[in-house]
Amino acid sequence: MNPKQTKPINQHLQRLSVLKPFRTRLLLGIAVMCITIVIELAYPKALAYFIDHLNSAKIDSSWIKNFAGIAAIVLVIQALATTLRYYIFESTGDMIVTTIRQTLFSALIRQDIAFFDKHRVGELTNRLASDVEALHDTLTMGLAISLRSSLVFIGCTVMLISISPTLSLILLIYIPLSLWMTDWIGNSLKTSAHHIQEKKAASNSVAQEYFSNIRLIHAFNQNKLANDKYADTADQALQVILRNIRLLASYRGLSSIVLYLALIITFFLAADLISQGKLTVGEFTSFIIYAGMASGSSSAISDFWSDWMRTLGATERVFEILGADDAKQAALKKNSDAIPNDGVSTKNSFHLQGKIQFNNVHFAYPERPDTAALTALNFEIQPGEKIALIGASGAGKSSIASLLLGLYPVNQGQIYFDNFLSNDSNINAIRDHIAIVEQEPALFSGSIYENIAFAIADREVALEEVIQAATKANAHHFISGFPNGYDTVVGDRGVQLSGGQKQRIAIARAILRNPKILILDEATSALDSASEALVQAALDELMKERTTIIIAHRYSTIKKVDTVFVLEQGHIVQQGQHQDLIKDSNGLYCQLMSAQISGNHT
Ligand SMILES: Nc1ncnc2c1ncn2[C@@H]1O[C@H](COP(=O)(O)OP(=O)(O)OP(=O)(O)O)[C@@H](O)[C@H]1O
């Protein structure tokens, strides 16, 4: 993804577009807010009226009572409207933030694996948490306050001009000056906010990485290294934040000088006007209150503007991701193949026999575009055929599995499943027919039931089905030995289980998936020999009539498959049955086998 390509033309409108679904609530909030503004604007006028009435007429108790009565009613309306306004804007703020978080999470989870190779987990969780939070205050309360302040400002300006056009002239200098200052600070804050979020995300990702490798940290006594690294990244974030605070503090100082200068000039001018009889004391009192309200509103607007610019900077990455995802989804919709790709299982409506064909496939990882991981790969696997991929470490075995799962796009060539060319728009449907058992099985922190039932995405899985799969994978015995059985929580990434137990759960998951294509990455290596035999039997049963790709090192596995592909530096150097390959004593296969046999003997 190139962020520059997806950069919005108008960032302001893009941010505001998230308000759209909430427009009814927001319009209601604005209506209520207008009531409070009208009342606020009426206060000083009423005060001037009150003061000048006291000065000019005899004190009439019924007039005062009426005045107090009306004031009390207005106050109650004001209180109710303020409560409602606060509730509407605050709650809408949280709704918006939650919606954006959900949308961002779906956009992130849909990203290509290459994206996750590039971005660290801590950084991404930071985007979800603090970057999105930045929108909360500015988008609702901030926007509402600034809208209210703008209306109050306009109302006050009208009032000020109507009271004394001469005094109001000062505004002509004050307003443009403060607007210019606001714009200047806003742009600086936007840039620094972007840097702050980047630094915070980097710091979070360091913490996350060390927490997730906590056993390693303790085992190698590396607490100090972890502390130093985290302290360093947190310090870097602090430095950027401090620079930002210094900028903001200078701005506040400068704008208060400008404001007080304007006030002093106003007082001198007003004294002159009152002495000439062109202004009453009541009018001057209300003028000062309106001027105070106008300056309060203008600083609220400028505060909002600086917050808004900061939010634009802080959420730049979030909206880049959302923009790129929208573009990708739109492109997918446009190019959609015969097979739908909406993330919903299509297993029942789309059938595969299980034939696989690699047609001159070249592949380099996006993070290392200049180093080929696979070159000119050509092979065909017939439905139900079992093949083994063997080769030295780094030869490209796992890369082939990744390409089968469509985790990365190929640089050149094609991969076909039956007669379907694997591509972005049909890969979800194809994946529905593939199951993988990894060397280090990935488990979630939920229960054993949830981890096995994870195999099926489109429906609720009955406990009996899970038990059946676990029984075939020789896992039922140990699972039922736990006090909570299938409800046993396995801990973060399955930390509360042994390696062999984790692997059997992963096998049960694959059995439950009932796929046409199986990818096994040395699936039985962590089992003891007794359970290995049982699981191997279950796997043999499972492999029947299914295309199976085994990333294998072990002699016993290799002997059983129909074809062995021997890989060296990303391409196939030998291919055939074990008994034929072994005859070529100069071949890589023979070398790998003899290395393994001598390894087993030592
Ligand atoms: N995510 C990645 N980003 C960049 N390069 C990668 C990535 N994963 C693997 N590689 C590189 O691609 C090449 C092939 O790796 P691959 O994992 O396919 O080898 P392998 O045969 O499965 O090795 P092993 O038996 O050790 O698992 C290696 O040079 C490896 O360093």
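Residues numbered from 1 in each chain as written. Predicted model: local features only at pLDDT ≥ 70, side-chain atom pairs only at ≥ 80, totals over all residues. Heavy atoms only, no water.

Draft legend 1. The arrangement of unusual backbone geometry in detail. Within the chain, Asn-360 stands out as a residue other than glycine whose phi angle is a positive 50°. In this structure, Asn-360 sits in strand β1 (residues 356-364). Note on Asn-360: relative accessible area 29%, which makes it partly exposed. Even without glycine at this site, Asp-418 takes up a positive phi of about 50°. Mapped onto the elements, Asp-418 comes out in the loop between β4 (412-417) and β5 (420-421). For Asp-418, a relative accessible area of 13% translates into the label buried. (Helix = DSSP H or I, 4+ residues; strand = E, 2+ residues; numbered from the N terminus. Buried < 20%, exposed > 50% of the residue type's maximum accessible area, 1.4 Å probe, protein only.)

Draft legend 2. Inspection of the UniProt feature "transmembrane region" (unreviewed entry) in the protein at higher detail. The UniProt feature table records "transmembrane region" (unreviewed entry) at residues 26-43, 63-88, 151-175, 257-275 and 287-305. In the segment residues 151-175, helix accounts for 96% and strand for 0%; the C-alpha atoms at its two ends are 15 Å apart. Overall, residues 287-305 shows 100% helix and 0% strand. The separation of its end C-alpha atoms is 26 Å. (UniProt positions renumbered as here; feature names shortened; annotations may be inferred.)

Draft legend 3. Structural detail: the site of the ligand. Inspection of the region around the ligand gives 13 residues, with Ser-393, Gly-394, Gly-396, Ser-398 and Ser-399 positioned closest. One of the backbone nitrogen or oxygen atoms of Gly-394 is found 2.8 Å away from an oxygen atom of the ligand. Coverage of the ligand by the protein chains reaches 67% of its 640 Å² of free accessible surface. Ranked by residue count, the leading element in the shell around the ligand is helix α12 (residues 397-404), at three residues. Residue composition of the shell around the ligand, grouped by class: five nonpolar, five polar and three charged. (Near = heavy atom within 4 Å. Polar contact = N/O pair within 3.5 Å; in protein donor to acceptor, adjacent residues only side chain to side chain. Areas by Shrake-Rupley, 256 points an atom, 1.4 Å probe, with all protein chains shown as cover. Nonpolar A, V, L, I, M, F, W, Y, C, P; charged D, E, K, R; others polar.)

Draft legend 4. View of the nonpolar core. Counting 45 residues, the largest nonpolar core has Ile-100 and Leu-104 as its most contacted members. Where this core is concerned, the elements lending two or more residues are α3 (23-56), α4 (61-110), α6 (121-163), α7 (165-212), α9 (223-275), α10 (281-314) and α11 (316-334). For this core, the element with the highest residue contribution is α6, accounting for 12 residues. Not counting the four nearest positions on each side in its chain, Ile-100 is found in contact with Val-18, Val-132, Leu-135, Val-318 and Leu-322. Of all hydrophobic cores here, the second largest spans 44 residues; its members include Leu-497, Ile-507, Leu-512 and Val-561. (Core = buried A, V, L, I, M, F, W, Y, C linked by side-chain atoms within 4.5 Å. Contact = heavy atoms within 4.5 Å.)

Draft legend 5. Quick peek at the sheet that holds β4. One open sheet holds the four strands; their spatial order is β2-β1-β4-β5, and the pairing between them is antiparallel. Each of the sheet's edge strands pairs with one partner strand only, and the pair in question is β2 (372-381) and β5. Judged from the five bridges that link them, β1 and β4 form a sheet pairing that is antiparallel. Looking across to β4, one finds that Gln-357 is bridged to Tyr-416. Strands β1, β2 and β4 of the sheet are contacted by α12, whose axis makes an angle of about 115° with β1. (Pairing = 2+ DSSP bridges. Axes fitted to C-alpha atoms, helices over the stretch in contact; angles between N-to-C directions.)

Draft legend 6. Main features of the packing of α7 against α10. Put simply, α7 and α10 touch, their axes get as near as 7 Å, and they point 20° apart. When the axis of α7 is compared with that of α10, the two are roughly parallel. In the crossing of α7 with α10, the sense of the turn from one axis to the other is right-handed. (Parallel < 35°, antiparallel > 145°, perpendicular 65-115°, else oblique. Left-handed = near helix turned anticlockwise from the far one by under 90°.)

Draft legend 7. Highlighting the sheet that holds strand β8 (residues 547-551). The strand order β6-β7-β8-β3-β9-β10 describes an open sheet built from six strands, whose pairing is mixed. At either margin of the open sheet sits one strand with a lone partner, and together these are β6 (434-437) and β10 (571-576). For this sheet, the mean inter-axis angle between neighbouring strands, taken without regard to orientation, is 20°. Relative to β8, strand β3 (residues 386-391) runs parallel, the two sharing four bridges. Bridge pairing links Leu-389 to Ile-551 in β8. Each of β6 and β7 (517-521) is contacted by helix α17 (residues 499-513), which is oriented at about 170° to β6, the strand it contacts most.

Draft legend 8. Layout of the packing of α6 against α10. In contact at an axis separation of 7 Å, α6 and α10 are set at 155° when each is read in the N-to-C sense. Our classification of the angle between α6 and α10 gives roughly antiparallel. Seen along the crossing, α6 lies across α10 with a hand that is left-handed. The class makeup of the residues in the contact of α6 with α10 is 21 nonpolar, nine polar and three charged.

Draft legend 9. Expanded view of the packing of aromatic side chains. Applying the stated rule across the entire model yields 11 aromatic pairs. Judged by centre distance (4.9 Å) and plane angle (35°), the ring pair of Phe-50 and Phe-67 falls under tilted. With a gap of 17 residues between them, Phe-50 in helix α3 and Phe-67 in helix α4 connect regions that are remote in the sequence. Residue classification places Phe-67 among the partly exposed residues on the basis of a relative accessible area of 25%. (Phe/Tyr/Trp six-rings, centres within 6.5 Å; stacked < 30°, edge-to-face > 60°.)

Draft legend 10. Representation of the pairing of β7. The buried fraction of β7 amounts to five of the five residues, a majority that puts the element mostly inside the structure. Going residue by residue along β7, you find Ile-517, Ile-519 and Asp-521 tucked away on one face and Leu-518 and Leu-520 tucked away on the opposite face as well. For β6 and β7, the ladder comprises four bridges, and the chain directions are parallel. Along β7, the bridge assignment pairs Ile-436 with Ile-519. Alignment of β7 against β8, held across five bridges, turns out to be parallel.

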